[in-house]
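Architecture and fold: a report
Here are the chains, one letter per residue:
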Amino acid sequence: MQKFLFVLGSSRAGGNTETLARKAAEYLPEGAQQRWIWLEDVPLAPFRDTRQDRVPHPLQEGNEQLLLDATLEATDIVIASPLYWYSVSATAKQYLDYWSGWLHIPGLQFKASMREKTLWGVSAAEEDDMFSALVDTLHKSANYLKMRWGGVLLGHGHHPGEVVDDAPAMEAAKDFFQSVYAK
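Description of the structure in this document. (Residues numbered from 1 in each chain as written. Predicted model: local features only at pLDDT ≥ 70, side-chain atom pairs only at ≥ 80, totals over all residues. Heavy atoms only, no water.)

**What to know about the environment of S10**
Definition in use: Note on conventions: DSSP H or I runs of at least 4 residues are helices, E runs of at least 2 residues are strands, and numbering of each starts at the N terminus. Throughout, a residue-residue contact means that at least one pair of heavy atoms, one from each residue, lies within 4.5 Å. Think of a polar contact as two N or O atoms within 3.5 Å of one another; within protein, one of them needs to be a possible hydrogen donor and the other a possible acceptor, and neighboring residues in sequence only count if both atoms come from side chains.
Mapping S10 onto the fold places it in the loop between β1 (3–8) and α1 (16–25). As a C-alpha pair, S10 and S89 span 79 residues in sequence and 6.7 Å in three-dimensional space. In this structure S10 touches W38, E40, A80, P82 and Y84, once residues within four positions along its chain are discounted. There is a polar contact of 3.0 Å between the side chain of S10 and the backbone oxygen of R12.

Right under this line is the structure:
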């Protein structure tokens, strides 16, 4: 059974990126489970990389444990982040930074479990020629962990609600999650 984790990286609830992600979620395969987590609701402490100190990543608790558990339980992870300064949002980037720590937790086998998952992206921005760094961040993260790459659904919108006027994006949302599983 597919379990989709939607990680919402916007600083505003209900924005264009979330609207586009929810539209695509309407067309998930039958029986697929959905879990939505808005990163603003589960703030993380600043990430501290302890690898060079040869100290294991600290024990997980609170919001970090919640996000780790949700990540491991999912078959599909959807990073829904608006385009912020040409890449993912700060909260989405911080979530990805925590993946670095989770890679080094003794016995967790995070990298091995991520190989069984698909990584997707959803984003909206005012202009369509600005997405390359965001797409590269997500695609290269998937490649590094040897995850399946589902692709990125992109839409146009600056002011709240504008993405619904992007007919090509709304149409692409219908088939977006089918691309990997239809093969």
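**Concerning the packing of aromatic side chains**
Our working definition: In summary, the pairing rule links any two rings of Phe, Tyr or Trp, Trp by its six-membered ring, whose centres are within 6.5 Å, and it sorts them by plane angle into stacked for under 30 degrees, edge-to-face for over 60 and tilted for everything else. Think of it in three bands: residues with accessible area under 20% of the maximum for their type are buried, residues over 50% are exposed, and the middle band is partly exposed, with areas taken using a 1.4 Å probe on protein chains only.
Summed over all chains, the structure comprises 14 aromatic pairs. Consider the rings of F4 and F6, whose centres lie 6.2 Å apart with planes at 25°: the pair is stacked. Assigned by exposure class, F4 and F6 land together as buried. Ring geometry for F4 against F177: centres 5.1 Å apart, planes inclined by 70°, an arrangement best described as edge-to-face. One end of the pair, F4, is in strand β1; the other, F177, is in the loop between α6 (167–175) and α7 (178–181), with 173 residues separating them in the sequence. We note that F4, like F177, is buried. Aromatic ring contacts, followed pair by pair, group F4, F6, W36, W120, F176 and F177 into a single cluster.

**Quick notes on the packing of α1 against α6**
Formally: All axes are obtained by fitting lines to C-alpha atoms, using only the stretch in contact for helices, and the reported angles, taken between N-to-C directions, cover 0 to 180 degrees. Just so you know how the angles are binned, under 35 degrees is roughly parallel, over 145 roughly antiparallel, 65 to 115 roughly perpendicular, and the rest oblique. For this scheme, ten residues count as nonpolar: Ala, Val, Leu, Ile, Met, Phe, Trp, Tyr, Cys and Pro. Four count as charged, namely Asp, Glu, Lys and Arg, and the remainder, Gly too, count as polar.
It is at 7 Å that the axes of α1 and α6 come closest, and there the two elements cross at 40°. With respect to each other, α1 and α6 are oriented oblique. On α6, the residues touching L20, K23 and A24 of α1 are A169, M170 and A173. Partitioned by chemical class, the residues of the contact of α1 with α6 number five nonpolar, no polar and one charged.

**Some words on the pairing of β1**
Stated precisely, the cut-off is as follows: When DSSP finds two or more bridges between two strands, those strands count as paired.
Burial analysis of β1 places five of its six residues in the buried class, the great majority of the element. Bridge count between β1 and strand β2 (residues 33–38): six bridges; the pairing is parallel. Considered in β2, the bridge of K3 is made with Q33. Alignment of β1 against strand β3 (residues 76–80), held across five bridges, turns out to be parallel.

**Description of unusual backbone geometry**
The phi dihedral of Y86 falls on the positive side, at around 75°, and the residue is not glycine. For K146, which is not glycine, the phi torsion reads 60° and is therefore positive. Mapped onto the elements of the fold, K146 is located in the loop between α5 (132–144) and β5 (148–156). We classify K146 as exposed; its relative accessible area is 53%.

**Comments concerning the sheet that holds β3**
Adjacent strands of a sheet pair through backbone hydrogen bonds, lying either parallel or antiparallel. Within the open sheet, the five strands sit side by side as β2-β1-β3-β4-β5. Their pairing is parallel. On the outer flanks of this sheet lie β2 and β5, each paired with one strand and no other. This sheet shows a mean twist of 15° between the axes of neighbouring strands, independent of strand direction. Contacts from α1 reach β1, β2, β3, β4 (118–125) and β5 within the one sheet, and its direction differs from that of β4 by about 135°.

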